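Each chain, written out:
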Amino acid sequence: MTEPAWLDRAEYPFAPLWLDLPAGRMHYVDEGQGRPIVFVHGTPDWSFVWRHLVKALRPRYRCIAPDSLGFGLSDKPRGYSYAPAEQAANLRRLIDTLDLKDITLVLHDFGGPFGLSYALDKPANVRSLVLLNTWMWSLRGDPHYERFGRLFGGALGRFLYLRLNFSVRVIMKHAIADKARFPRRIQDQYMRPFGRAAERVATHAYARALLGAGEWYDGLWRRREKIRDIPALILWGMNDQAFRQEELDRLQMIFSHKRTACFHDAGHFPQEERSERVTALVEEFLDAARPK
């Protein structure tokens, strides 16, 4: 498949690979050799958000970063549900197809419940977790999320997301605390995958799923003891209006072996805004877990 002309190869110098799924083709990158690390993005981003970590880690680790269906360079099939359970199943199929063993999952935003679903199903195959501004429980009943979900999950949200590319043009830009780390050329790499209204359906599906998939999230939460003893590194942008101190506190409760680093000068995307510090912390965490 021909790469799009807009792709910045200097920023994203990775060979494209594809996994055929029943609903469409999933794009992913598979760089380096060694113990596997699987990076799972949220919305409205794609594997581009992991480029700094992949470039830094691929000399010693095998770095796999997929684009969920509907995002990035993956297919955006019409009529597909883009439900969290389906996206989690696609991730599991990628891991199984590549026969990845003893993996580290690096998860952000919606990538959190997708990847943690795999960890809950196969905890023995997950060596460690790196979690950035994410969650794994139902958000129903929380006024903070009810307001957002009801506003953007309905007809108005559909118009804003599909017609105006609101999720990238407004929400993502607003979620970046340090605008100096988000220049126009980088913004462009996030906007281009959603050039037409038909290519933005998944972003609105996620807005609906914030509240609509509550039962599925609760199913994850009820099984949280299965991942309690997996070592976890939690990296948190504190200027995040989506995931706050309350969500950080609840996430930390899950794990018996955890380390937390808070970024008071970053918003929802610490891996974009403070990539150097995030990379250093992840490298230190992974090195500590390497066999002697």
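To continue, consider the packing of helix α3 (residues 111-121) against helix α9 (residues 214-222). Two elements in contact, α3 and α9, have axes whose closest approach is 10 Å; the angle formed by their N-to-C orientations is 45 degrees. What the angle tells us is that α3 and α9 run oblique. In this structure, α3 crosses over α9, and the sense of that crossing is left-handed. Contacts from P113, F114, S117 and L120 of α3 reach α9 at W216, Y217 and L220. When the residues that make up the contact of α3 with α9 are grouped by side-chain class, the tally is 6 nonpolar, 1 polar and no charged.

To continue, consider the packing of aromatic side chains. Tallied over the full model, the rule gives 24 aromatic pairs. Taken together, a centroid distance of 6.0 Å and an interplanar angle of 90 degrees make the contact between W6 and W46 edge-to-face. Residue W6 is found in the segment before β1 (17-21), and its partner W46 is found in the loop between β3 (36-40) and α1 (51-57); the two are separated by 40 residues along the sequence. Assessed through its relative accessible area of 18%, W6 is described here as buried. Ring plane angle 40 degrees and centroid distance 6.5 Å describe the contact between Y161 and F166, whose orientation is recorded as tilted. The class for Y161 is buried, based on a relative accessible area of 4%. A relative accessible area of 16% means that F166 is categorised as buried. Taken together, the aromatic side chains of F71, F110, F114, W135, Y145, F194, Y206, W216, Y217 and F243 make up a single cluster linked through ring pairs. Here the basic side chain of R25 rests over the ring of W18, its NZ or CZ set 4.5 Å away from the ring centre.

Across the sheet, 8 strands lie side by side as β1-β2-β4-β3-β5-β6-β7-β8; this open sheet has mixed pairing. Looking along the sheet, the strands with just one partner apiece sit at the ends: β1 and β8 (258-263). The average undirected angle you get between the axes of adjacent strands in this sheet is 20 degrees. Direction of pairing for β1 relative to strand β2 (residues 24-31): antiparallel, over a ladder of 5 bridges.

Further remarks concern helix α2 (residues 84-97). Taking 1.5 Å of rise per residue, the 14 residues of α2 would be expected to cover 20 Å, and the 20 Å separating its terminal C-alpha atoms lies within 8% of that figure. Turning to α2, its buried residues number three or more, namely P84, Q87, A88, N90, L91, L94 and I95. For α2, the angular spread of the buried residues around the axis is 155 degrees, confining them to a single face. Residue D99 follows α2 closely and has a positive phi angle near 55 degrees.

With that out of the way, let us pick up a nonpolar patch on the surface. The grouping of L151, L156, F159 and L164 at the surface amounts to a nonpolar patch, some 370 Å² of accessible area in total. Mapped onto the secondary structure, F159 falls in helix α5 (residues 155-164).

Another point: the nonpolar core. Most often, soluble globular proteins keep nonpolar side chains buried together rather than apart. Core analysis: the biggest nonpolar cluster contains 95 residues, and F39, L105, L129 and L235 have the highest contact counts within it. Examining the composition of this core, we find that 6 residues originate from one element, helix α8 (residues 201-212), more than from any other. With residues up to four places along the chain from it excluded, the contact list for L105 reads V38, I95, G115, Y118, A119, V126, S128, L129 and V130. Counting residues in each nonpolar core, the second largest holds 6 residues, with F152, L160, F166 and A207 among its members.

What follows deals with a positive patch on the surface. Among the surface-exposed residues, R169, K173, K179 and R184 lie close enough to one another that they form a single positively charged patch. For R169, the position within the fold is in helix α6 (residues 166-175).

This next bit is on the confidence of the model for the protein chain. Mean pLDDT for the protein chain: 96, with 98% of residues reaching 70 or above. Ranking the elements of the protein chain by mean pLDDT puts helix α4 (residues 143-152) last with 94 and β3 first with 99.

Burial within strand β4 (residues 62-66) is extensive, with 4 of its 5 residues counted as buried. Note: β2 against β4, 4 bridges, orientation antiparallel. Bridging across to β4, V29 finds its partner in A65. Both β3 and β4 contribute to a ladder of 3 bridges, which runs parallel. Within the sheet, the bridge partner assigned to V38 lies in β4 and is I64. The parallel pair β3 and β4, bridged by α1, forms a crossover whose chirality is right-handed.

So, how was this worked out
Residues numbered from 1 in each chain as written. Predicted model: local features only at pLDDT ≥ 70, side-chain atom pairs only at ≥ 80, totals over all residues. Heavy atoms only, no water. Axes fitted to C-alpha atoms, helices over the stretch in contact; angles between N-to-C directions. Helix = DSSP H or I, 4+ residues; strand = E, 2+ residues; numbered from the N terminus. Parallel < 35°, antiparallel > 145°, perpendicular 65-115°, else oblique. Left-handed = near helix turned anticlockwise from the far one by under 90°. Contact = heavy atoms within 4.5 Å. Nonpolar A, V, L, I, M, F, W, Y, C, P; charged D, E, K, R; others polar. Phe/Tyr/Trp six-rings, centres within 6.5 Å; stacked < 30°, edge-to-face > 60°. Buried < 20%, exposed > 50% of the residue type's maximum accessible area, 1.4 Å probe, protein only. Lys NZ or Arg CZ within 6 Å of the ring centre and 35° of its normal. Pairing = 2+ DSSP bridges. Expected span 1.5 Å × (residues − 1). Arc of directions from axis to C-beta. Patch = residues over 30% accessible without salt bridge, like charges linked within 9 Å, V, L, I, M, F, W, Y side chains within 5 Å. Areas by Shrake-Rupley, 256 points an atom, 1.4 Å probe, with all protein chains shown as cover. Salt bridge = Lys/Arg side-chain N within 4 Å of Asp/Glu carboxyl O. Core = buried A, V, L, I, M, F, W, Y, C linked by side-chain atoms within 4.5 Å. Lys, Arg positive; Asp, Glu negative; His and termini not counted. Charge placed at Lys NZ, Arg CZ, Asp CG, Glu CD. pLDDT = per-residue confidence, 0-100. Right-handed = clockwise from strand over helix to strand, strands pointing away.

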